[in-house]
Amino acid sequence: DSLEPRKIREQVLAVLEDYPEGLPSREIAEKVNTRFGRKIKSSNISWHLSHLKKDEELTLGNGVWRLPANQDELKLVDPEKEKTNQAAE
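Residues numbered from 1 in each chain as written. Predicted model: local features only at pLDDT ≥ 70, side-chain atom pairs only at ≥ 80, totals over all residues. Heavy atoms only, no water.

(A) Structural detail: helix 3 (residues 42-54). Under the 1.5 Å per step criterion, the end-to-end length of helix 3 is 19 Å for 13 residues, consistent within 8% with the ideal 18 Å. When helix 3 is considered as a whole, its buried residues turn out to be Ile45, His48, Leu49 and Leu52. Taken down its axis, helix 3 places every buried residue within 105 degrees of arc, on the same side. Opposite the buried face of helix 3, at more than 90 degrees from it, the exposed residues are Ser43, Trp47 and Lys54. Tucked into the core, helix 3 has its buried residues touching helix 1 (8-17), helix 2 (25-36) and strand 2 (64-66). One or two steps after helix 3, the chain reaches Glu56, where phi turns positive at roughly 65 degrees. (Helix = DSSP H or I, 4+ residues; strand = E, 2+ residues; numbered from the N terminus. Expected span 1.5 Å × (residues − 1). Buried < 20%, exposed > 50% of the residue type's maximum accessible area, 1.4 Å probe, protein only. Arc of directions from axis to C-beta. Contact = heavy atoms within 4.5 Å.)

This is the structure:
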C-alpha cells in the first residue's frame, strides 16, 4: 500500500498513534514487524527511538516510549531546553 509509511521512524510513530499509553521498545519493534512486515530487532530500534526523542517526536518515561501529549510534556522531559527557551524571551 503506497499510503503506508516506509521509513522506520514513520512506522514507529504510526504504531504509537494506536497506543497513547505508550509501549516499551521491544513491543514497538514487535508491532512494527507485524504491521509492516519488517524483521527489526528491539536492539536495532533503540537508535530510531533515541533520535525521535532528540527530535522531540517521542518522550520516554519508566521504560515506555510515547507520543508527546502536548508541547508542555516535552518541556518537562528536557529542562535544559526550557532554560534556553526562557533565556531567549
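(B) The arrangement of the pattern of salt bridges in detail. Scanning the model with the defined rule gives 5 salt bridges in all. With its nearest N and O atoms 2.6 Å apart, the salt bridge here joins Glu57 to Arg9. Highlighted residues: Glu57 in the loop between helix 3 and strand 1 (59-61) and Arg9 in helix 1, separated in sequence by 48 residues. Here Arg26 ties to Glu30 by a salt bridge, and the two come within 3.1 Å at their closest N and O atoms. Taken together, the residues span about one helical turn, with Arg26 and Glu30 both in helix 2 at a distance of 4 residues. Residue Glu30 is classed as partly exposed on the basis of its relative accessible area, which comes to 39%. (Salt bridge = Lys/Arg side-chain N within 4 Å of Asp/Glu carboxyl O.)

(C) Focus on the packing of helix 1 against helix 2. Following both chains from N to C, one finds helix 1 and helix 2 inclined at 100 degrees, their axes separated by 10 Å at the closest point. With respect to their mutual orientation, helix 1 and helix 2 come out roughly perpendicular. Facing helix 1, whose interface residues are Gln11, Val12, Ala14, Val15 and Leu16, helix 2 presents Ile28, Lys31, Val32, Arg35 and Phe36. Its residues assigned to classes, the contact of helix 1 with helix 2 comprises 7 nonpolar, 1 polar and 2 charged. (Axes fitted to C-alpha atoms, helices over the stretch in contact; angles between N-to-C directions. Parallel < 35°, antiparallel > 145°, perpendicular 65-115°, else oblique. Nonpolar A, V, L, I, M, F, W, Y, C, P; charged D, E, K, R; others polar.)

(D) Quick peek at unusual backbone geometry. Positive phi outside glycine occurs at Glu56, with the angle close to 65 degrees. Of note, Glu56 is situated in the loop between helix 3 and strand 1. The phi dihedral of Asn62 falls on the positive side, at around 55 degrees, and the residue is not glycine. Within the element layout of this structure, Asn62 appears in the loop between strand 1 and strand 2.

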